[in-house]
Structures are given as C-alpha cells and as structure tokens.
Amino acid sequence: MNDDTPPRAAWPDLVGMVAAAAVGLVVAARGFPVALFAAFTDLLVRGPMGPGVYAAAVLAVEIAVPALLPRLPGWPVVASGLAVFLAVDLTAADVMMKGLMPIEVGSTREVALALAAVAGLGLALGGVLLALVQASPAGTWWVGVGLSAGLVLHPVASELLDAVLPRRAAHPSSTPAPRGIVDGVDVQVWLALGLVLVAAVVAYVRRSRHGVAGSVRFRPGAPVVVVAVAALFLLGLALRMRTIREPGLSPAGAGGGRSAVESFAEVSAVVLAVVVALLLTAYAYRLGRAPAARWVVLGAAAAPVAAFQVSFAGASSGTRTSLVLLFGILAVAGGALAGRHAARMLPWDAIGMVVAAAASPLAWPAVRAELPSADTVGPVLVAVGLGLAFGSGIALVTGPAGTPPTGPAGTVSGRAEGDSAAAPAAADAPAVASAGEPTGGRTSQGSGNLAGVLVLGPAALMLCASALAPVVLSSQVRGLIEEDSSFTVPLFSTVGAVLLVLLFGLARAVDRPRPDPRAEATTAQLV
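For clarity, every value in this text was computed on a predicted model and none was experimentally measured.

Concerning the overall build of the protein
Here is step 1 of the chain: Across its full length, the protein carries 18 helices and four strands.
Here is step 2 of the chain: Pairs at least 24 residues apart make up 80% of the contacts formed inside the protein by residues separated by at least 6 positions.
Here is step 3 of the chain: As displayed, the protein has an accessible area near 22800 Å², and 67% of this comes from carbon and sulfur atoms.

Structure follows, in structure tokens:
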C-alpha cells in the first residue's frame, strides 16, 4: 500500500478531518447566508447598494488571502480567522445581522464589525485549504473529506446542536441579550477553534519529525484574480441595481412594467453569475488544466443549491435529520473514494450535480404543498448530490489522479522543463524522489499552484451564490404567492454539470496515450 492510499489513516489524519469538518460547518452556517444580503438589498432598498452587498465579495477575497503565503502553516491561519470571528461575535450580539441587513442600516461601527466577522470566516476557510495542501497525501484525502462533509451537512449539524443545547432567550430591545456559553452557535465555533488548535499542534509535531519541505514559490496570481473578479462582480451588481431602479422600470409601474423588471432582474443575475464563473474557470484551467477547471465549475454550479436549498426546507423532523446525515456522509465518503480511485471511469462531480439539480424543485413551496414526502426526499437527495459532487471534486483536484505524472529529472510529464505547454498541466504533480519513492509532499511549484486552484472554487461559490440570490428568493416568493416557480436555478446547475462532463471528456482525450513514432517505425520494418 503506497502513501496515496486513503484507507491507511492514522489518528493525526483523523484529527485533521474532524477539524476541517468543524470549520466547514461554521463557515457554511454563518457564511452562506451572507449571499442573501444581495437579494434583500435588491428587493427592499431603493437607494445605493447597502453594506451587505459587499459581504460576499469580502468573504471571497479573504478565502484567497492564505494562498499568498503557501509556506505559512495552515491551521494557525484557521485559528486566527476563527478568533477574529469570535472576538467580533463576543463584542456585539448578532452583529452580522445588525450591520449588513438592508432592512435597518447599521451604524458605521456595526458595519465594520460585521465585515470583520465575514473576513474571519473567509480566512478560516482559506486556511483549511492551505492546510490541505501542506498535508501528506493520505492526510490531504482526509482533510478534503472532512471539509466537504462540513460544507454539505451544515444544516443538519446546526439542527442537532439546537436540539441538544438551549438557544439564547429572547429579550426586550432595551435589554442587551446575555452572552451565555450555552448557545448552539457559540459552542459550534468554540468547538471548531479547539479542534483547530489540536490539529495545529499535531501538524507542528509532524513537521518537526519529518522535516520541512523546500521553499514554495510566491504565487499571487489566484488572489489577484479573485480580487479583480470580486470588483467586477460589485460593479456588475451596481449597474444591475441601478437599471432596475430606473423610474421608467419601477416595479410599481402599470401594465407590463413589472414583468419587464422581473425578466431583466433574473436574466442579469444569471449573466453576472456566468461571467464570474467563466473568468475564474479560465484562470483555473491555465493553472491546472481540466481538473482545476472542474473544481471551479463545480463551485459555481453548486452555489445556488449549496447556499440556499436546504435552508428553505423548513423545520426538520428527527427522521429527516437522521436520513440526511446518514446519506450525506455516505455520499461524501463515496464521492471522495470514487474521485481518488475511479476518476477516469465517470464524471462523479457531474453526476452529483445532476442529482442535486433534479432535487432542487422539491424545495418549492407549491411542490411541498402537493407532495408532503418532498420535505424528506428533497433534502436527502440534495445532500447525496452535493456530497458526491464535493467529495469527488476535492479528491480529484488534490489527488494524483487529477494530474499527469512527472517525468525524469529535469522534465515534466516527459517534456523539457522549459516546455510551457507541459508545465501548467503538471504543476500539481507530486514530487518524486530519485529512488522512485514518493516523498510524501508536492513540488514547490505544485504546492503554490494547488493552493491557488483550491481557493478559486469557494470564491466562485460565494460570488455566484450572491449573484443568483435574487433569483432564488424570487422563486420562493412566487411559489408562495403565485404558485409559479422558476427553473433558472436547476437549469444553471444542470448546465454546470454538462460543462463538467465536457471537461471530463477533454481530460480523457488529452491524457489518452499516444502511439510512439519509433515503435511504429520498428513495427513497419518488421512487417
């Protein structure tokens, strides 16, 4: 059994997996709702963009910040992000709601604290991705599984904590709410911080025993691209809102005015999400070819489902919670194993996205009113689809199956080291010692590129989720009032799945062994 075989996991790898899962739960539970601020601002505010619109851009940028310093230990970065979030959360109760919700504009201090809390969440998620890059091949697999499980199953974990721990009691607005430690959200964050500190100590001990890898090249490309795309996203959102609020297109207008506004709002939101996804995908393809591009496409395609779908499912029963938890864990583990050992067999990430997209209409109020079983079947299928997609996607982009092997010394994939066509495709390939045994790490170039690739996926998820938030919220409102739901979200995810299949086929075609001209010449001579 070689070092890349995931089942051979020691307890340090399990510590990393549990810590990554805990961070994924916190970031998803508190970070994904940030995307809704753009939708509420779109619906409720008739002036300039509120501060909540900038929250998703801040979160995406902070996710990419740890990629600037790939030599910095990942787990201390995660602890720093969680500490910032806790410090802000202890300073003022519900500061993110008070400072970012457009219903009641918060003070300058509240807005600054809310954005600082969002930045802490982004830094924590980016730190986990950095720790994933720095882990051993076996540890990479386990950390990826834990992070995927946390991002997919965060609603279930939050419900379980709410069921076990009493929530903070409601108080009059004139009386400040007490900050008791017995609070579901507080305990979840404190638990994640404790597990991260343990993982940091374990990783430090491991590095001191086995030595530190060689110097990693500073590669600011991915964070710079995320900043540029986030700025373009904010500009596009501002232009979109300005057009919607034109007096001639006011929703209060008569006749077909309201229909025109709704049509433009939906189309412009989709166009903005597509532009963001394409820009990040193009840069990811430049860094790591098809596997890297698939990771970003997955983040964009899963954005509206992962950020909103389970949240609209309503209060959970014990049976539904148990089923979602069980099938979600099995789907994440199965997807990670498939992405690790059977990546060339089928596009598992695309299959997962098709399942999640097909299940998304089951969350519509009209469908749930007609089919009571949709309350259980819908969340289970969403968890299975997202678990399979994220589990296989992160295993593909970090594992050896997603990158071509290295060639002899001084070459990459059998070509000269200076060959520009081969270098990006093998940037994430694992380092190989002169004796032919794996070194347990990656090349310095591969680590820098992989850190940049990994942050592009969550950045695409947050930006695309914010762009599509008005469409998601509008479909829920229409489902409640007019019994007319929009197929835009499942169609968007399905198109993303089709693109994943195309990238899968492209990778198969590129990686297909080509006949050796010398062998063909020898065969011709023998004949």
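Moving on from the coordinates now.
Side note on the packing of helix α3 (residues 53–64) against helix α6 (residues 108–134)
Here is step 1 of the chain: α6 packs onto α3 with a crossing angle of 30° between their chain directions and a minimal axis gap of 7 Å. Both α3 and α6 take part in a crossing whose hand is right-handed. Contact residues: Ala-55, Val-58, Leu-59, Glu-62 and Ile-63 in α3; Leu-115, Val-118, Ala-119, Leu-121, Gly-122, Leu-123, Leu-125, Gly-126 and Leu-129 in α6.
Here is step 2 of the chain: Grouping the amino acids of the contact of α3 with α6 by side-chain chemistry returns eleven nonpolar, two polar and one charged.

Some thoughts on helix α15 (residues 374–398)
Here is step 1 of the chain: With 25 residues, α15 extends 35 Å from end C-alpha to end C-alpha; this agrees with the ideal 36 Å at 1.5 Å per step.
Here is step 2 of the chain: Burial analysis of α15 places 20 of its 25 residues in the buried class, the great majority of the element.

A word on a nonpolar patch on the surface
Here is step 1 of the chain: A cluster of nonpolar side chains, namely Leu-232, Leu-235, Leu-239, Val-267, Val-271, Val-275 and Leu-279, defines an oily patch on the protein surface of about 580 Å² accessible area.
Here is step 2 of the chain: Broken down by secondary-structure element, the contributors of at least two residues to the nonpolar patch are α10 (221–244) and α11 (257–309).
Here is step 3 of the chain: At four residues, α11 tops the list of elements feeding residues into the nonpolar patch.
Here is step 4 of the chain: One can find Val-267 in helix α11.
Here is step 5 of the chain: Relative accessible area serves as the criterion here: at 53%, Val-267 is assigned to the exposed category.

Points about the packing of helix α12 (residues 318–341) against α15
Here is step 1 of the chain: Following both chains from N to C, one finds α12 and α15 inclined at 25°, their axes separated by 7 Å at the closest point. Classified by the angle between their axes, α12 and α15 sit roughly parallel to one another. In terms of crossing hand, the pair formed by α12 and α15 is right-handed.
Here is step 2 of the chain: Residue classes in the contact of α12 with α15 are distributed as 13 nonpolar, eight polar and three charged.

Brief notes about the nonpolar core
Here is step 1 of the chain: Ranked by size, the top nonpolar core spans 126 residues in total, and within it Trp-75, Leu-82, Leu-280, Met-353, Leu-386 and Leu-456 carry the most contacts.
Here is step 2 of the chain: Examining the composition of this core, we find that 23 residues originate from one element, α11, more than from any other.
Here is step 3 of the chain: With seven residues, the next largest nonpolar core counts Trp-141, Val-145, Ala-149 and Ala-336 among its residues.

A few points about the environment of Leu-160
Here is step 1 of the chain: Tracing the chain through its elements places Leu-160 in helix α8 (residues 154–164).
Here is step 2 of the chain: The class for Leu-160 is partly exposed, based on a relative accessible area of 39%.
Here is step 3 of the chain: If sequence neighbours within four positions are ignored, Leu-160 has contacts with Thr-321 and Leu-325.

Section: the side chain of Ser-466
Here is step 1 of the chain: Among the structural elements, Ser-466 can be located in helix α16 (residues 444–481).
Here is step 2 of the chain: Owing to a relative accessible area of 2%, Ser-466 belongs among the buried residues under this scheme.
Here is step 3 of the chain: Residues contacting Ser-466, with those up to four places away along its chain left out, are Ala-35, Ala-38, Ala-56 and Phe-233.

Examining the packing of aromatic side chains
Here is step 1 of the chain: Here the structure, examined in full by the defined rule, presents one aromatic pair.
Here is step 2 of the chain: Between Trp-141 and Trp-142, the ring centres sit 5.0 Å apart and the planes meet at 80°, which makes this aromatic pair edge-to-face. As far as burial versus exposure is concerned, Trp-141 and Trp-142 are alike and both buried.

Focus: unusual backbone geometry
Here is step 1 of the chain: The phi dihedral of Arg-289 falls on the positive side, at around 60°, and the residue is not glycine.
Here is step 2 of the chain: Tracing the chain through its elements places Arg-289 in helix α11.

Quick look at helix α4 (residues 74–91)
Here is step 1 of the chain: Compared with the 26 Å implied by 1.5 Å per residue over 18 residues, the 26 Å span of α4 between its first and last C-alpha is a close match.
Here is step 2 of the chain: Turning to α4, its buried residues number three or more, namely Gly-74, Trp-75, Val-77, Val-78, Ala-79, Gly-81, Leu-82, Phe-85, Leu-86, Val-88 and Asp-89.

Some thoughts on the environment of Ala-383
Here is step 1 of the chain: Structurally, Ala-383 is set in helix α15.
Here is step 2 of the chain: Note on Ala-383: relative accessible area 5%, which makes it buried.
Here is step 3 of the chain: Note: C-alpha distance between Ala-383 and Val-152 (231 residues apart in sequence) is 6.5 Å.
Here is step 4 of the chain: Setting aside residues no more than four positions away along its own chain, Ala-383 makes contact with Val-152, Leu-153, Val-324, Gly-328 and Ala-331.

A look at the confidence of the model for the protein
Here is step 1 of the chain: Per-residue confidence for the protein averages 75 on the pLDDT scale, and 67% of its residues sit at or above 70.
Here is step 2 of the chain: For the stretch residues 5–9, pLDDT sits under 50, and the model shows eleven contacts to residues farther than four places along the chain or on other chains.
Here is step 3 of the chain: With pLDDT under 50 throughout, residues 167–184 is counted as low confidence; its partners more than four residues away or in other chains account for 25 contacts.

Observations regarding the environment of Asp-349
Here is step 1 of the chain: For Asp-349, the position within the fold is in helix α13 (residues 348–359).
Here is step 2 of the chain: Separated by 41 residues in sequence, Asp-349 and Phe-390 have C-alpha atoms that sit 6.8 Å apart.
Here is step 3 of the chain: Contacts of Asp-349, omitting those with residues within four sequence positions, involve Arg-294, Leu-298, Ala-389, Ser-392 and Leu-500.
Here is step 4 of the chain: A distance of 3.0 Å separates polar atoms of two side chains, one belonging to Asp-349 and the other to Arg-294.

Rules of the game
Residues numbered from 1 in each chain as written. Predicted model: local features only at pLDDT ≥ 70, side-chain atom pairs only at ≥ 80, totals over all residues. Heavy atoms only, no water. Helix = DSSP H or I, 4+ residues; strand = E, 2+ residues; numbered from the N terminus. Contact = heavy atoms within 4.5 Å. Areas by Shrake-Rupley, 256 points an atom, 1.4 Å probe, with all protein chains shown as cover. Axes fitted to C-alpha atoms, helices over the stretch in contact; angles between N-to-C directions. Left-handed = near helix turned anticlockwise from the far one by under 90°. Nonpolar A, V, L, I, M, F, W, Y, C, P; charged D, E, K, R; others polar. Expected span 1.5 Å × (residues − 1). Buried < 20%, exposed > 50% of the residue type's maximum accessible area, 1.4 Å probe, protein only. Patch = residues over 30% accessible without salt bridge, like charges linked within 9 Å, V, L, I, M, F, W, Y side chains within 5 Å. Salt bridge = Lys/Arg side-chain N within 4 Å of Asp/Glu carboxyl O. Parallel < 35°, antiparallel > 145°, perpendicular 65-115°, else oblique. Core = buried A, V, L, I, M, F, W, Y, C linked by side-chain atoms within 4.5 Å. Phe/Tyr/Trp six-rings, centres within 6.5 Å; stacked < 30°, edge-to-face > 60°. pLDDT = per-residue confidence, 0-100. Polar contact = N/O pair within 3.5 Å; in protein donor to acceptor, adjacent residues only side chain to side chain.

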